[in-house]
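Survey of secondary and tertiary structure
Below are the chains, spelled out letter by letter.
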Amino acid sequence: MRLRVRLKSLAILSVICCSILLYTFVDLHSGSVQDTNQRAIIARSTGLDLQSLGKRELSESVAENNKELIVVESKSYMEKDVKPELAENGSFHISQISPKITTQKAVIKKPPTPKSITECDHNCQLRKMRDRNRALMKQLMNSTKSRDVAKNVICDQKCRLAKLPKGKLLQRGYAARVQIENITLPGSWTVTQELVDRLYHRNSHLKEVCQKYGLDKESEENKLNAWEFLINKEYGLIWCNVFKAASSTWFYNFNLLSGYSEAQLLSAKETPISMARKKYPRPSAEQLKGALHNETAQPLSFMIVRNPLERFVSAYRDKILSGSQFYASISREIVKRYPDLGVNIMKIGMIEKAWKSIHRSPIPSFSQFTQYVIDDAAKGKKLNEHWTPMTQFCTPCLVNFDVIAKTETMEEDGNYIIFNAGIEHVIIPKRINRSRNGPTDVVAESFLCGLTEAQMSGLMYLFKYDIELFEYDVNKYVNCTRGKQ
């Protein structure tokens, strides 16, 4: 029974579809016949109009209509000024106009249809409406374009970025994720003898310690690491980026030197590193050596260093304690591996953060994080770039840097680099800080002094070369953990 009902429904549906197709075909066919008859009527009526006028001098409007009527390769009827002979039915043949004009090369254009001859059906009205809309749109576009050109209002990408509200730049993009402080460069700057002596001492001390430990000789275990170098050939600058050592500030500067605008950098959703690497591809070791020993245009090479223990704390605060989603897997692994070293509430001064109520993933304590890094380093695993020792990162014993700058004296060291390279009129220097809960050098003691003596010894061994090569005093951190279990 159900099958019979379904078959009956299908049969009814098929009949309906066939009826629709047949109706469409008949309608199209009749429309084409009607158009053919309409064109014939128009041609005859135009000839009758010419006969009724009976004048060789035609008015301007009639002349225009007849120019539209006949279009040929050579000359038209209006140009020859010869009146064709009309048949009794009011029609004429184009070949009568001129012997040079053939029927094959002539094209008859359809003039406006008089209402008295042909009535406009539904399809005709739709076509007219469509043509009117297209004409209006074209007219509107042409008028807008001409007005913009007249006013010279052609806004390119640079123009559009300049029109962005500056208030909104600080509410979104990169500017919303960091703290930015404007820096005003002096109008003129003179290098002091004290600065020259300080920079010379840093380089000479570095070479002595490198020779002491044999780090100045390249080997299988001690190879030049060119991965984090940025080479700007236009301004003759070579910089080895050390994460958590003014890296955000100098990525900003190098991006400005590469052609990015300030608005682009502050409103960008991309990280400064990804934007920089589009302009500064990672060099190979051979490319870096060639750039460093360029005799025709000697570049200025530099790296910026920081107290290694304070840099370690800064990496923890920025990447782990902040609950960054990019480090969620590392955080889960740390908590799982060292459950006994964690606590539920982390107290930093007067701020208390309930981990599980704020973050989806558990956040390791600083003690857990420290033990995780020490154990991975002891196993020979590759460490994350934010807490890799600076000596391994930039291999300063294998690169003869012109300037060893320090974050602790960055204002003076930075001015030396900027004015020596001649980029003081190119960049708009800013101090960029990712920490929003106080500077790391102020709160570092509360983190480091909470470690055990064994953990502090592990950090001292990990950052041994950094501490000695760049002459950092870490005794206060060692002393505050002495005797702690």
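Because the structure is a prediction, the values reported are computed rather than measured.

Calculation rules
Residues numbered from 1 in each chain as written. Predicted model: local features only at pLDDT ≥ 70, side-chain atom pairs only at ≥ 80, totals over all residues. Heavy atoms only, no water. Helix = DSSP H or I, 4+ residues; strand = E, 2+ residues; numbered from the N terminus. Buried < 20%, exposed > 50% of the residue type's maximum accessible area, 1.4 Å probe, protein only. Contact = heavy atoms within 4.5 Å. Phe/Tyr/Trp six-rings, centres within 6.5 Å; stacked < 30°, edge-to-face > 60°. Pairing = 2+ DSSP bridges. Axes fitted to C-alpha atoms, helices over the stretch in contact; angles between N-to-C directions. Salt bridge = Lys/Arg side-chain N within 4 Å of Asp/Glu carboxyl O. Patch = residues over 30% accessible without salt bridge, like charges linked within 9 Å, V, L, I, M, F, W, Y side chains within 5 Å. Areas by Shrake-Rupley, 256 points an atom, 1.4 Å probe, with all protein chains shown as cover. Disulfide = S-S within 2.5 Å.

**Some details on the overall build of the chain**
Across its full length, the chain carries 21 helices and 10 strands. Out of the 485 residues belonging to the chain, those deemed buried represent 38%. Within the chain, counting contacts between residues at least 6 apart in sequence, those at least 24 apart form 77% of the total.

**Some remarks on helix 10 (residues 272-279)**
Turning to helix 10, its buried residues are P272, M275, A276 and R277. Each element contacted by the buried residues of helix 10 is listed here: strand 4 (229-232), helix 8 (247-257) and helix 9 (262-267).

**Considering the packing of aromatic side chains**
For any pair of aromatic rings, the description consists of the separation of the ring centres together with the inter-plane angle of the planes. Evaluation of the coordinates by the stated rule reveals 21 aromatic pairs. Taking 5.3 Å as the distance between ring centres and 35° as the angle between the ring planes, the aromatic pair formed by Y316 and F369 counts as tilted. Of this pair, Y316 sits in helix 12 (residues 308-321) while F369 sits in helix 15 (residues 366-378), placing them 53 residues apart in sequence. In this structure, Y316 and F369 share a single accessibility class: buried. Aromatic pair F369 and W387: ring centres 5.0 Å apart, planes at 85°, arrangement edge-to-face. Of this pair, F369 sits in helix 15 while W387 is found in the loop between helix 15 and helix 16 (390-394), placing the two residues 18 residues apart along the sequence.

**Some remarks on the sheet that holds strand 5 (residues 237-240)**
If you trace the four strands from one edge of the open sheet to the other, you get 4-5-6-9, paired in mixed fashion. Only two strands of the sheet have a single partner each, and these edge strands are strand 4 and strand 9 (403-406). Across the sheet, the axes of successive neighbouring strands diverge by a mean angle of 20°, strand direction being ignored.

**A word on the pattern of salt bridges**
All chains considered together, the criterion is met by 14 salt bridges. Measuring nitrogen to oxygen at the nearest pair gives 2.9 Å for the salt bridge that ties E412 to R198. A residue pair is termed long-range when its members are at least 10 positions apart, and E412 in helix 17 (residues 410-421) and R198 in helix 7 (residues 193-213) qualify at 214 residues. Looking at E412, the relative accessible area reads 28%, which means it is partly exposed. The shortest N-O distance in the salt bridge between E220 and K223 comes to 3.5 Å. By relative accessible area, E220 is classed as exposed at 68%. It is possible to trace a salt-bridge network through shared partners that takes in R198, R202, E412 and D413.

**Here's the deal with unusual backbone geometry**
Even without being a glycine, A246 presents a positive backbone phi close to 60°. Checked against the element boundaries, A246 lands in the loop between strand 5 and helix 8. The phi dihedral of E471 is positive, around 55°, even though this residue is not glycine. Tracing the chain through its elements places E471 in the loop between helix 20 (464-469) and helix 21 (475-481). A residue is classified by how much of its surface remains accessible, and E471, at 37% relative accessible area, is partly exposed.

**Focus on a nonpolar patch on the surface**
On the surface, I12, I16 and I20 cluster together to form a nonpolar patch covering roughly 280 Å² of accessible area. Relative to the assigned elements, I12 resides in helix 1 (residues 2-53).

**Remarks on the environment of E234**
In this structure, E234 sits in the loop between strand 4 and strand 5. Expressed as a C-alpha distance, the spacing of E234 and P299, which sit 65 residues apart in the sequence, is 9.9 Å.

**Overview of the pairing of strand 4**
Of the strand pairs in this sheet, strand 4 and strand 5 are connected by four bridges, and their pairing is antiparallel. Its bridge partner being in strand 5, F229 is matched across the sheet by C240. Adjacent in sequence and paired antiparallel, strand 4 and strand 5 are bridged by four residues, among which G236 carries a positive phi angle near 65°.

**Considerations on the state of the cysteines**
Overall, the coordinates contain three disulfides when judged by the stated rule. Disulfide pairing places C240 opposite C394 at an S-S distance of 1.9 Å. Note on the C240 and C394 pair: the S-S dihedral is about -90°, so by sign convention the disulfide is left-handed. One end of the pair, C240, is in strand 5; the other, C394, is in helix 16, with 154 residues separating them in the sequence. In terms of burial, C240 and C394 fall into one category: buried.

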